[in-house]
Amino acid sequence: MDDRTYHQLSPEETLNRFKTSEEGLTEAEATLRRTQHGLNLIPEAGRRHWFVLLLKQFQSLLILILAIAAFISWLTDHTVDMWVILVIILINALIGFVQEFRAEKAVEALRDMLAPTAKVRRAGRLRTVPASELVPGDIIVLEEGDQIPADARLLDGKDLRCIEAALTGESVPVSKRSDALPKETGMADRRNMLWKSTHVAGGSAVAVVTATGLSTQIGRIAGSLTAIKEVKTHFRQKTDKLAKQMAVVASLSASALFALGYAFHSMEVDELLLVSIAALVSAIPEGLPAVLTIVLAVGAHRMAQRKAIVREFTATETLGAVSVILTDKTGTLTQNVLSVERVALPDGPVRRVTGSGWSPIGNVLEGEEVLEDEQLADMEPLLRVAALCNNAQVQHDPKADQYTLVGDPTEGALLVLARKADGSDRHEGWQRVDDLPFNSDLKLRATLVQRDGKRQLLVVGAPEKVLALCDGSWNGREAVPMDAAMRSRVQQRIEDWSSQAYRVIALAYREVDDMTIDKERITGLTMAGITGMIDPPREDVPAAVQACHGAGIRVIMATGDHINTAVAIGRAIGIVRPDVKPGTTLALNEQQLEKLDEAEFDRAVREVNVFARLTPAMKLRIAERLQHMGELVAMTGDGVNDAPALKKADVGIAMGINGTDVARGSAQVVLADDNFTSIVHAVEEGRIVFTNARQTSFYLLTTNFAEITTLLSTVAMGLPIPLTATQILWLNMVTDGLCDKALAVEQGHGDVLGQQPLKRGENILTGEVVPFVLMTAVLMAVMAIVAFKFFLPQGVEKARTAAFVVMAFSQLYNAYNLRSLKRSIFRIGVFSNKWFNRAIVASVLIQVAIIEIPFLQDLFHFKTLAFLEFLVLALAGSLILVAGEVFKYMRQNLQNR
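Residues numbered from 1 in each chain as written. Predicted model: local features only at pLDDT ≥ 70, side-chain atom pairs only at ≥ 80, totals over all residues. Heavy atoms only, no water.

Student: Explain the sheet that holds strand β23 (residues 554-558) to me, and be specific about the residues and the numbers.
Tutor: With mixed pairing, the eight strands of this open sheet are ordered in space as β8-β28-β27-β26-β9-β23-β25-β24. Either end of the sheet is taken by a strand with one partner, and the two such strands are β8 (308-310) and β24 (588-589). Note that β24 and strand β25 (residues 610-612) share two bridges and pair parallel. Within β25, the residue paired with Leu588 across the bridge is Phe611. (Pairing = 2+ DSSP bridges. Helix = DSSP H or I, 4+ residues; strand = E, 2+ residues; numbered from the N terminus.)

Student: Give a description of the pairing of strand β15 (residues 402-406) that names residues and reports values.
Tutor: Here five bridges tie strand β14 (residues 393-397) to β15, and the two strands are oriented antiparallel to one another. In the sheet register, Asp397 faces β15, and the bridge partner there is Gln402.

Student: So what's going on with the side chain of Asp602? Which residues, and what values?
Tutor: Assignment of secondary structure puts Asp602 in helix α19 (residues 598-607). On the basis of relative accessibility, which here comes to 10%, the residue Asp602 falls in the buried class. Each residue touching Asp602, except ones within four places of it in the same chain, is listed here: Arg625 and Met629. (Buried < 20%, exposed > 50% of the residue type's maximum accessible area, 1.4 Å probe, protein only. Contact = heavy atoms within 4.5 Å.)

Student: Kindly report on the packing of aromatic side chains, identifying the contributing residues and their values.
Tutor: Considering all chains together, one arrives at seven aromatic pairs under this definition. Centre to centre, the rings of Tyr6 and Phe18 are 5.0 Å apart; their planes meet at 45°, and the pair counts as tilted. Placement of the pair is Tyr6 in the segment before α1 (11-17) and Phe18 in the loop between α1 and α2 (27-37), with a sequence separation of twelve residues. For the pair Tyr6 and Phe18, a shared accessibility class is recorded, and that class is buried. Judged by centre distance (5.9 Å) and plane angle (35°), the ring pair of Phe71 and Trp74 falls under tilted. Linking Phe71 with Trp74, this pair stays in helix α4 (residues 61-75), spanning three residues, or about one helical turn. Over the ring of Trp835 we find Arg838; its NZ or CZ atom is 4.9 Å from the centre of that ring. (Phe/Tyr/Trp six-rings, centres within 6.5 Å; stacked < 30°, edge-to-face > 60°. Lys NZ or Arg CZ within 6 Å of the ring centre and 35° of its normal.)

Student: So what's going on with the pattern of salt bridges? Residues and values would help.
Tutor: Side-chain pairs of opposite charge can arise whenever the charged atoms involved come near each other. Taken as a whole and assessed by the stated rule, the structure comprises 25 salt bridges. With a closest N to O distance of 2.8 Å, Asp138 and Arg122 form a salt bridge. Taken as a pair, Asp138 in the loop between β2 (125-130) and β3 (139-142) and Arg122 in strand β1 (residues 117-122) lie far apart in primary sequence, 16 residues in all. In terms of burial, Asp138 and Arg122 fall into one category: buried. For Glu685, the salt bridge identified is with Arg306, shortest N-O distance 3.1 Å. Placement of the pair is Glu685 in helix α23 (residues 676-716) and Arg306 in the loop between α10 (288-305) and β8, with a sequence separation of 379 residues. Several salt bridges share partner residues, and in doing so they unite Arg161, Asp408, Glu411, Arg432, Asp435 and Arg445 into one network. (Salt bridge = Lys/Arg side-chain N within 4 Å of Asp/Glu carboxyl O.)

Written out as structure tokens, the structure is:
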């Protein structure tokens, strides 16, 4: 029999199938089966060995081109150049490795450090063993709060309810029973099966293990991830394109230099070939891989400070280009807690309840008036039922000031309501006599309590069930008979609240003489009131969604919850906009989507922002269609069921607190606080990362274009080579090497989320910036050539010194230009980046030292310049800053017309 059809067997047939009994396996049998089935473990998806992380840093076309340049340098006896390039490659790899290794450790720290255990019967004795030692046929015992350690067939359960959100996405507890089910019953509806990594919300159970490890439902999903093909990241694609562009420019420049030298110069062919190869090497900005890596590292560090841990290094930039965020609802947009927001007596006014989460801090309001303790006396029966008909516990960690729930979320919400409203502890002294946990047939739970010889039966449950059992109601002063008109009014209020996505719970009671709860005698109740619960939106999410819309990012909710609940939350946070036109489709569920043809499906994906009751497969299909439309998709998820879509998305974002290990391992980014707002912060940092990557790239490329232009021009003019290969390498690595690192830490200038997302295929080097790069490079080359020709009569070494000073200081002034491609340096603040100004000062001191210190003079073949000569040459470079400011001003005026 297929191991996925045990739900159709009776408990006895299942035991026979596994050749076991309710006494459990013997240790010898368990050991034998462990050798056959292996340990009950799921390999941690996405976990990477440190050596693999290290090798990954060399998988870049940019690094390959630098390696080729180092090899050429070695062939042509440019040993110093070779070693410098190799050191740069190693530094680049080390920075990337350290960042990704730290991210891996941060993700591991989010995991529970205690190995899970399981209660299992072995040879009739109940033992606690590591969950990894379970085997098919083991008999496990489960209680409230336990994590289910393996897939299992329920043998016997007492009011068992399980939270299966990790597998199905459904946050409401599911009632379980041991009866056999039809073969065609879907996985989510198999009420007699228990699933690995889900939790027991209430009740207790005995079950037989049917599958372990990768054979479990969750294990199958984890195993299927290997079938999803790894694709090159968005940022790797861009840098590879940039590397190809640079390789073409370098090859053409070197070829042109050789051709010009051969035509216009008297150099020997072998000497000309060496100069051309040197030009080829110098045309490649050696520092670019390292500075791009630093840009990513800085961005990843800033994201970590804002609760987004980056596992895949290049995802820092990809987040900045995201155009669609496909997000789950529960726990990401909402608080993942049930809170009572409305409460009413059967025929009384609606009262609002403030506060959120499991914290008991809050008020009950009627209209805008906060009700004091004595004004809440009319709610005493309702509050007594909420407080005492309850098995939940809310625990407070005073150090972290955090509240956590143990037990059923619905019961927890009622307990918190009672604590908010019950400042006088009026329910103390009541003792529990008997308890009936939630019964899925009756759709209610009941508790029998007594105080001073007086006993009451307290009932909480589905409103339609409880209402049918009531023949009286509490009017705030006394219990009165419930007539048809009042029953109709209560029913209408229940329907109204339900249509607004509230989970409505009714509370009732009855005076009794019994010492035990008899299910057949839960009748003749007095309704104390109803409550409306909802998993409320996080307080900062509406502003975050609005920020996304302002940034041109579409936010789509894809949830497994009910469609009315999804629409209500969508309205509250702004995903469903208030100005939506009448007749517009607000939301679709999976059943509706499955009826659409491909064109209709694509139209729905383009126009609808709320999707409900989705399976993981449908989420994956939506993400794929969005990508096909050219969108760059970020997707959130926490359950194992989300893992395939997380891996397929351009940026997979997993929840760090409530997320499963499989989901975290499949994602590129892990949220340390499970908050949607952290995604928006990460997008903001991602845009800053791309801006900084682009600006530092332009800075380095401008220098290299200026150098190769200077070489080509002087050779064409029949002049000596104005800069040696070593001098060019110094300019590339040292002069640029300080300022480019400072540009890498440039903060955003406040307008990044006011811009539209980058186009999916937009490259780092685009036509928009080519005019600026060419203007700057040509101006730098012209000034260097003029200085070279002016000092050439005094000797070629002094002329090269002058050209070097002009080129070096032009680069420093150009660094100010490239702190922002759009805004004036005087608007963003000359001194707003302290690291940049320190880099400028250090660079100036280094330039003076290399020219004035005799040892360095001889090493680089420089000659001493008079102070006035040095000053004039250094100030001449400021023309670059003036030209950059004029260019920005003119472009801004043209765009404003």
